[in-house]
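# Inside the fold
Letter by letter, the chains look like this.
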Amino acid sequence: ACFKRHGAAAIDTPVLELRETLTGKYGEEAKLIYELQDQGGELLALRYDLTVPFARYLAMNKITNMKRYHVAKVYRRDNPATTRGRYREFYQCDFDIAGQFDPMIPDAECLKIVHEILSDLQLGDFLIKVNDRRILNGVFAVCGIPESKFITTCSTVDKLDKLPWEEVRSEMVGEKGLSPEAADHIGEYVQLHGGLDLIERLLQDPKLSQSKLAKEGLGDMKLLFEYLTLFGITGKISFDLSLARGLDYYTGVIFEAVLLQQENDHVEEPVSVGSVAGGGRYDGLVGMFDPKGRKVPCVGVSIGIERIFSILEQRVKASGEKVRTTETQVLVATPQKHLLAARLKLISELWDAGIKAEMLYKKDPKLLKQLQYCEDTGIPLAAIVGEQELTDGVVKLRDVATREEVRM
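Note on numbering: residues in each chain are counted from 1, in written sequence order. With pLDDT at 70 or above as the cut-off, local features in this predicted model cover only qualifying residues; side-chain atom pairs require 80 or more to be listed or tallied, and sums for whole chains, interfaces and linings still use all residues. The basis for every side-chain value is the complete set of non-hydrogen atoms in the structure, without hydrogens or water.

## Brief notes about unusual backbone geometry
Backbone geometry places Lys62, a non-glycine residue, at a positive phi of 55 degrees. Comment: elements are numbered from the N terminus, with helices defined as DSSP H or I runs of at least four residues and strands as E runs of at least two. Here Lys62 shows up in the loop between α3 (51–60) and β5 (66–75). One non-glycine residue, Gln122, adopts positive backbone phi at about 50 degrees. Mapped onto the elements, Gln122 comes out in the loop between α4 (105–120) and β7 (126–132). For Gln122, a relative accessible area of 66% puts it in the exposed group. A 1.4 Å probe rolled over the protein chains alone gives each residue an accessible area, and that area as a share of the maximum for its type sets the label: buried under 20%, exposed over 50%, partly exposed in between.

This is the structure we're talking about:
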């Protein structure tokens, strides 16, 4: 409903893609792609996300302007952790804006959408972290990291939400081959977070001002925060230099939403209970699929439905609340034997009138059993037709919770 409210059209892409379509787009995560081979020997893969197939679709159809949403399954050859909403087959819920527009207006709308969805779902306190790949690359450049190591350094920085800086630093030095001095310089920046004040401070930073990329990114970040202020959502937004997002295809603004949980009254800072949405700008991806390399700027966001469901399920379980699994409005019931025909006739009328109705699949069920079924499944009404009702040409409507009955 939120995506439609923002004017997005629904599109779908195939579950299967050519393997070459997906390879080289996901960085270190590429090892999680499910690879397949069809009977003709063609190398295929199951889609890893909804973004790369969307970019391929735009290029293939020479589309330069589109606002779309897509809710569909993606596949990752990962170790599942079902209690945390991590699966090998799961739904992603994407919104993307493709086209050449003035800076940061579509990006701000994507962040507004994340804010709307997380607010409407009432999942509790949340924070949307925002950064820009150009700022990160600028930081790496002024800290003396060669460009060939930008992407792998990004993947390591991206672990800062799960690991302390000491462990991230040791991976940079031990596994990625950075010098201890360069890692320490990076650490001075990637542990910073704030708002417009931090952006202003970094714009004056003598080191970062040497990087054209960083200056561009910071200028756009300032503009983005101005638009987010107009949307009235900066209270939930943090400019966070530790946010890197490990995927190769991001070129500009990147963002990630995390749910926060206040453990107890004595804790000053709320703690993160996991990422539930993420996205960013990927201006170069469509051009990879175009024979002439024509670029279509894009920005998008993906909502983690399973992650959200697992959190909601845990809350429901803890509260002991009963959740309805159907939307059935009425159960058609009979109090005596040999009235199956009456039930079938009435339920058919209800279905034809667009009313959500059920009946038990037994010839002669006991009335108590039928009413018990209503209570167990949360069906609010029972439409009862007995011999007397048939004679009088009425239906007895029973409110299951209050046991009040009316004839109509």
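## Observations regarding the confidence of the model for the protein
Regions with low pLDDT carry predicted coordinates that are not meant to be interpreted in detail. Per-residue confidence from the predictor is reported as pLDDT, a score between 0 and 100. In the predicted model, the protein carries a mean pLDDT of 91, and 96% of its residues have values of at least 70. Any pair of residues with heavy atoms lying within 4.5 Å of one another is described as a contacting pair. Low pLDDT (under 50) marks residues 262–267, which in the prediction has five contacts with non-local residues, meaning those over four places away or in another chain.

## Description of the domain arrangement of the protein
By convention, interface size is frequently given as the accessible area that disappears when the constituent parts associate. Domain boundaries assigned for the protein yield domain 1 (1–318) and domain 2 (330–407). Segmentation into domains, and thus their bounds, comes from an automatic or database assignment. Distance between the C-alpha centres of domain 1 and domain 2: 52 Å.

## A closer look at the nonpolar core
Counting 64 residues, the largest nonpolar core has Ile128, Val130, Phe140, Ile186, Leu224, Phe239 and Ile303 as its most contacted members. It is α4 that contributes the most residues to this core, seven residues altogether. In this structure, Ile186 is in contact with Phe140, Cys143, Ile145, Thr153, Trp165, Met172 and Leu178, ignoring residues within four places of it in sequence. Each nonpolar core is a collection of buried residues, namely Ala, Val, Leu, Ile, Met, Phe, Trp, Tyr and Cys, held together in the definition by side-chain atoms within 4.5 Å.

## As for the sheet that holds strand β17 (residues 405–407)
Here, any two strands with at least 2 DSSP bridges between them count as paired. A sheet is described by the order of its strands in space; here five strands give the open sequence β14-β13-β15-β16-β17, paired in mixed fashion. Single-partner strands in this sheet number two, and they are β14 (357–358) and β17. Alignment of strand β15 (residues 381–384) against strand β16 (residues 396–399), held across four bridges, turns out to be antiparallel. From the neighbouring strand, Ala382 faces β16, where its bridge partner is Arg398.

## Considerations on the UniProt feature "binding site: L-histidine" (unreviewed entry) in the protein
Cross-referencing UniProt, the feature "binding site: L-histidine" (unreviewed entry) maps to Asp49, Leu50, Thr51, Arg76, Gln92, Asp96, Arg245, Tyr249 and Tyr250 in the present numbering. With respect to the element layout, Asp96 can be found in strand β6 (residues 89–98). In this view, Asp96 contacts Phe54, Met66, Lys67, Arg68, Tyr282, Val299 and Gly300; residues no more than four positions away in its chain are not counted. Side-chain atoms alone can form a polar contact between residues adjacent in sequence; in general such a contact is a pair of N or O atoms within 3.5 Å, and within protein one must be able to donate a hydrogen while the other accepts it. Side-chain polar atoms of Asp96 contact the side chain of Arg68, separated by 2.8 Å. UniProt positions are given in the numbering used here, feature names are shortened, and annotations may be inferred rather than shown by experiment.

## Description of the sheet that holds strand β2 (residues 16–18)
Consider a sheet: its strands pair through backbone hydrogen bonds, and that pairing is either parallel or antiparallel. The strand order across the open sheet formed by three strands is β2-β4-β3, and the pairing between neighbours is antiparallel. With partners counted over all chains shown, the strands left at the sheet margins are β2 and β3 (35–37), one partner each. Each adjacent strand pair in this sheet contributes to an overall mean axis angle of 40 degrees, direction not counted. Note that β3 and strand β4 (residues 43–46) share three bridges and pair antiparallel. In the strand pairing of β4, Gln37 is matched with Leu43. Comment: axis = line fitted to C-alpha atoms, over the contacting stretch for helices; angle = value between 0 and 180 degrees taken between N-to-C directions.

## Quick notes on helix α6 (residues 150–157)
Of all eight residues making up α6, six are buried, and the element is well covered by its neighbours. For α6, the full list of buried residues reads Phe150, Thr153, Cys154, Ser155, Thr156 and Val157.

## Focus on the packing of helix α7 (residues 165–174) against helix α8 (residues 180–190)
The interhelical angle for the contact between α7 and α8, taken along N-to-C directions, is 140 degrees, at an axis separation of 9 Å. Crossing geometry of α7 relative to α8 is assigned as right-handed. In this structure, α7 contributes Trp165, Arg169, Met172 and Val173 to the contact, and α8 contributes Pro180, Ala183, Asp184, Ile186, Gly187 and Val190. Crossings are classed by handedness, with left-handed meaning an anticlockwise turn of the near helix from the far one by less than a right angle and right-handed meaning a clockwise turn.

## Some words on the pairing of strand β13 (residues 330–333)
Neither face of β13 is left uncovered, since the one carrying Val330 and Val332 and the one carrying Leu331 and Ala333 both have all their residues buried. Note that β13 and β14 share two bridges and pair parallel. From the neighbouring strand, Leu331 faces β14, where its bridge partner is Glu358. Between β13 and its parallel partner β14, the chain crosses via helix α13 (residues 340–352), and the hand of that crossover is right-handed. Relative to β15, β13 runs parallel, the two sharing four bridges. Within β15, the residue paired with Leu331 across the bridge is Ala382. For the handedness criterion, the strands are oriented away from the viewer, and a crossover whose path from the first strand over the helix to the second runs clockwise is classed as right-handed.

## Describing the packing of aromatic side chains
Any two aromatic rings considered together are summarised by their centre-to-centre distance and by the angle between their planes. Pairing of aromatic rings covers Phe, Tyr and the six-membered ring of Trp, with a centre-to-centre limit of 6.5 Å; geometry is then stacked below 30 degrees between planes, edge-to-face above 60, and tilted otherwise. Within the structure shown, the criterion is met by seven aromatic pairs. Put simply, the rings of Tyr26, Tyr48, Tyr249, Tyr250 and Tyr282 touch in pairs and so form one group of aromatic residues. Counting as a charge over the ring demands two things of the Lys NZ or Arg CZ atom: a distance within 6 Å of the ring centre and an angle within 35 degrees of the ring normal. Between the NZ or CZ atom of Arg68 and the centre of the ring of Phe54, over which it lies, the distance is 4.1 Å. The ring of Tyr48 has Arg76 lying over it, and the distance from NZ or CZ to the ring centre is 3.9 Å.

## Some thoughts on α13
Here α13 contains 13 residues, and its C-alpha end-to-end distance of 18 Å stays within 8% of the 18 Å for a straight helix at 1.5 Å per residue. Listed as buried for α13 are Ala342, Arg343, Leu346, Ile347 and Leu350. Each buried residue of α13 sits inside an arc of 120 degrees when the element is viewed along its axis, so together they form one side. Counted as exposed and oriented over 90 degrees from the buried face of α13: Ala341, Lys345, Glu349 and Asp352. Any helix carries an expected span of 1.5 Å times its number of residues minus one. What the arc covers is the set of directions going from the helix axis to the C-beta atoms.

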